[in-house]
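# Residue-level structural notes
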Amino acid sequence: MLYAIGDIHGMRDELAELLAKLPLEPSDRLIFIGDYVDRGPDPKGVVDLLIEVAKQRECLFLMGNHEAMFLSFIGWQGPNYFGKEAFLHNGGETTLASYGYFESDASFELPPEHERFYRELRLWHLEGEYAFVHAGLSKSALGLSDAKYALSRERVKDLLWQRETADLPHSLGVTIVYGHTPLPDFGVRWNVPYSIGIDTGAVYGGPLSAIRLPDETIFQSP
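Not measured: the values here are computed from a predicted model.

## Section: the sheet that holds strand β2 (residues 29–32)
If you trace the five strands from one edge of the open sheet to the other, you get β3-β2-β1-β9-β10, paired in mixed fashion. Here the strands that pair on one side only, and so sit at the sheet edges, are β3 (59–61) and β10 (217–221). Direction aside, the axes of adjacent strands within the sheet are offset by 20° on average. With respect to the sheet, helix α1 (residues 12–21) is in contact with β1 (2–5), β2, β9 (208–213) and β10, its orientation differing from that of β10 by roughly 140°.

Spelled out as structure tokens, the structure:
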């Protein structure tokens, strides 16, 4: 089975509780949908925990828009890293504080394991009948019939920031599993055809959610 886990946003305790609830078998794998940092109290602790989990079982980590902003803010260069001007306006101070950014007199550097973690984040993943992205795809991409082609040609900005298209029907032939946009009632978004939104607002008082695939069973914490 494959378990997809929604936006964590620094909520380390909720992540630990959710992971403890999952009825994981040795062959099960985990995919995380992005937004590990910002807003919540312990972004560094979240990444510490994710690194440890990845040492125990197969994991795949997507990039969220908050990782893009954070890494851009600390000076990373490249097409995946942008939005530094919005970082502090979107809860970035909790991430900086958790990494000791404000206490350092020298040039800031990430711990080596964390740098490796962020370097290896992916923009999308396609597996079987499911496509995984952090936020969404553009309207033009949703009109295509080849999911791999659509994902590979999509703009990074749409994959990480798109909010207008996640609920729209599409012709990609897969179910899109995404985060980024919680519902007001912090529920899972079910849209036919075909997408599932698993950001349930953990940092705003909602649960942290996971969906098991392919049976699409939901697990939540608390």
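And the narrative resumes.
## Points about unusual backbone geometry
Cis geometry marks the peptide bond from Leu 213 to Pro 214; its omega dihedral reads 15°. Looking at where Pro 214 falls in the secondary structure, it is placed in the loop between β9 and β10. Look at the link from Ser 221 to Pro 222: it is a cis peptide, with omega at 0°. Examined against the element boundaries, Pro 222 turns out to sit in the segment after β10. Phi at Asp 35 is positive, roughly 60°, even though this residue is not glycine. Mapping Asp 35 onto the fold places it in the loop between β2 and α2 (43–56). Relative accessible area serves as the criterion here: at 2%, Asp 35 is assigned to the buried category. Within the chain, Arg 39 stands out as a residue other than glycine whose phi angle is a positive 75°. Examined against the element boundaries, Arg 39 turns out to sit in the loop between β2 and α2.

## Description of the packing of aromatic side chains
Under the definition given, this model contains 16 aromatic pairs. Ring pairs connect the aromatic residues Phe 32, Tyr 36, Phe 61, Phe 70, Phe 73, Phe 87, Tyr 99, Tyr 101, Phe 102, Phe 108, Phe 117 and Tyr 118, which therefore count as one cluster. Stacked on the ring of Trp 76, the Lys or Arg Arg 119 has its end atom at 3.7 Å from the ring centre.

## Details of the packing of α1 against α2
Remark: α1 packs on α2, axes separated minimally by 8 Å, with the N-to-C direction vectors making an angle of 25°. With respect to each other, α1 and α2 are oriented roughly parallel. Two packed elements cross with a definite hand, and for α1 against α2 that hand is right-handed. Note on element contacts: α2 touches α1 through Gly 45, Val 46, Leu 49, Leu 50 and Val 53, opposite Arg 12, Leu 15, Ala 16 and Leu 19. Within the contact of α1 with α2, the residues separate by chemical class into seven nonpolar, one polar and one charged.

## Focus on empty space enclosed by the protein
In this structure the tally under the stated criterion is one cavity of 30 Å³ or more. Within this model, the largest cavity holds a volume of roughly 60 Å³. As for the largest cavity, its lining consists of Ala 135, Gly 136, Leu 137, Leu 142, Thr 165, Ala 166, Leu 168, His 170, Ile 176, Tyr 178 and Ser 195. Looking at the lining of the largest cavity residue by residue, the class counts come to seven nonpolar, four polar and no charged.

## Describing the pattern of salt bridges
With the rule as written, the count across this model stands at eight salt bridges. Across the pair Lys 55 and Glu 113 runs a salt bridge whose closest N-O atoms are separated by 3.1 Å. One end of the pair, Lys 55, is in helix α2; the other, Glu 113, is in helix α6 (residues 112–119), with 58 residues separating them in the sequence. According to the relative accessible area criterion, Lys 55 is exposed, its value standing at 52%. Looking at Glu 113, the relative accessible area reads 34%, which means it is partly exposed.

What counts, and where the lines are drawn
- Residues numbered from 1 in each chain as written.
- Predicted model: local features only at pLDDT ≥ 70, side-chain atom pairs only at ≥ 80, totals over all residues.
- Heavy atoms only, no water.
- Pairing = 2+ DSSP bridges.
- Helix = DSSP H or I, 4+ residues; strand = E, 2+ residues; numbered from the N terminus.
- Axes fitted to C-alpha atoms, helices over the stretch in contact; angles between N-to-C directions.
- Contact = heavy atoms within 4.5 Å.
- Buried < 20%, exposed > 50% of the residue type's maximum accessible area, 1.4 Å probe, protein only.
- Phe/Tyr/Trp six-rings, centres within 6.5 Å; stacked < 30°, edge-to-face > 60°.
- Lys NZ or Arg CZ within 6 Å of the ring centre and 35° of its normal.
- Parallel < 35°, antiparallel > 145°, perpendicular 65-115°, else oblique.
- Left-handed = near helix turned anticlockwise from the far one by under 90°.
- Nonpolar A, V, L, I, M, F, W, Y, C, P; charged D, E, K, R; others polar.
- 1 Å grid on protein atoms, 1.4 Å probe; cavity = no way out; pocket = protein on both sides within 12 Å on 5 of 7 lines; lining within 4 Å.
- Points joined across faces, edges and corners; volume = space filled by probe spheres on them.
- Salt bridge = Lys/Arg side-chain N within 4 Å of Asp/Glu carboxyl O.

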